[in-house]
Amino acid sequence: MVYAPEGADSLCGYFVSRYFRPNQNNRDGLDFHYLWFFQSGYRYLIYSLYYELSPCQYGIRIKHMSSGQEVDLPAIGTNPMGNPVDLLYQSKVCQDDANFD
């Protein structure tokens, strides 16, 4: 899947966000990372979800924006190549505080 056109601003159509909650006050730690973009009426969301007491979850969610219908494609295996966190501090990617879980 190729989305952004090549060039100096090629990452400007992508958004990243992170939700982090440390383990404290009898609450489990959480660390959620998201990378998403919109194309042809759909939102493509790549996610990495860390729950302290559960295995990490990785995958892609595709949502048709007008109907709200969503498909979740969980990753196969537990060691993906790349992670949305890798783009969290890239200056050309738009930062956001959205949380999808």
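Below: a short report on this structure. These figures come from a predicted structure and were not determined experimentally.

Criteria and thresholds
- Residues numbered from 1 in each chain as written.
- Predicted model: local features only at pLDDT ≥ 70, side-chain atom pairs only at ≥ 80, totals over all residues.
- Heavy atoms only, no water.
- Salt bridge = Lys/Arg side-chain N within 4 Å of Asp/Glu carboxyl O.
- Helix = DSSP H or I, 4+ residues; strand = E, 2+ residues; numbered from the N terminus.
- Buried < 20%, exposed > 50% of the residue type's maximum accessible area, 1.4 Å probe, protein only.
- Phe/Tyr/Trp six-rings, centres within 6.5 Å; stacked < 30°, edge-to-face > 60°.
- Lys NZ or Arg CZ within 6 Å of the ring centre and 35° of its normal.
- Pairing = 2+ DSSP bridges.
- Core = buried A, V, L, I, M, F, W, Y, C linked by side-chain atoms within 4.5 Å.

One pass over the structure, following the stated rule, counts 3 salt bridges. Across the pair aspartate 31 and arginine 18 runs a salt bridge, and its minimum N-O distance is 2.8 Å. Remark: arginine 18 occurs in strand S1 (residues 15-21) and aspartate 31 occurs in strand S2 (residues 30-39); sequence separation between them is 13 residues. Residue arginine 43 pairs with glutamate 70 through a salt bridge whose shortest N-O separation is 3.2 Å. Here the residue arginine 43 occupies a position in strand S3 (residues 42-51), and glutamate 70 occupies one in strand S5 (residues 70-74), the gap between them amounting to 27 residues.

What follows deals with unusual backbone geometry. You will see that serine 40, though not glycine, has its phi angle at about 50°, which is positive. Relative to the elements of secondary structure, serine 40 occurs in the loop between S2 and S3. With a relative accessible area of 70%, serine 40 lands in the exposed category.

Another aspect to go through is the packing of aromatic side chains. Across all of its chains, the model carries 6 aromatic pairs by this definition. Taking the centre distance of 5.7 Å and the plane angle of 20° together, the rings of phenylalanine 15 and tryptophan 36 count as stacked. Linking phenylalanine 15 in strand S1 with tryptophan 36 in strand S2, this pair joins segments that are 21 residues apart in sequence. An aromatic cluster is built from Tyr14, Phe37, Tyr42 and Tyr44, whose rings are joined through pairwise contacts. Its end group placed over the ring of tyrosine 47, arginine 61 keeps NZ or CZ at 4.5 Å from the ring centre.

Taken together, the 10 bridges between S2 and S3 define a ladder with antiparallel strand orientation. What sits directly across from tyrosine 34, in S3, is tyrosine 47. Count of turn residues in the S2/S3 antiparallel hairpin: 2 residues, of which serine 40 carries a positive phi of about 50°. Both S3 and strand S4 (residues 57-64) contribute to a ladder of 8 bridges, which runs antiparallel. Looking at S4, one finds that isoleucine 46 is bridged to isoleucine 60. Between the end of S3 and the start of S4, which pair antiparallel, lie 5 residues.

Quick look at the pairing of S2 now. The buried count for S2 comes to 8 of 10 residues, which makes it a mostly enclosed element. One ladder, built from 7 bridges, connects S1 with S2; its direction is antiparallel. Its bridge partner lying in S2, phenylalanine 15 is registered against tryptophan 36.

Our next topic: the nonpolar core. Counting 7 residues, the largest nonpolar core is built from Leu30, Phe32, Tyr34, Trp36, Leu45, Tyr47 and Leu49. Of all elements in the fold, only S2 and S3 reach the threshold of two or more residues within this core. Among the elements that line this core, the one with the most residues is S2, at 4 residues.

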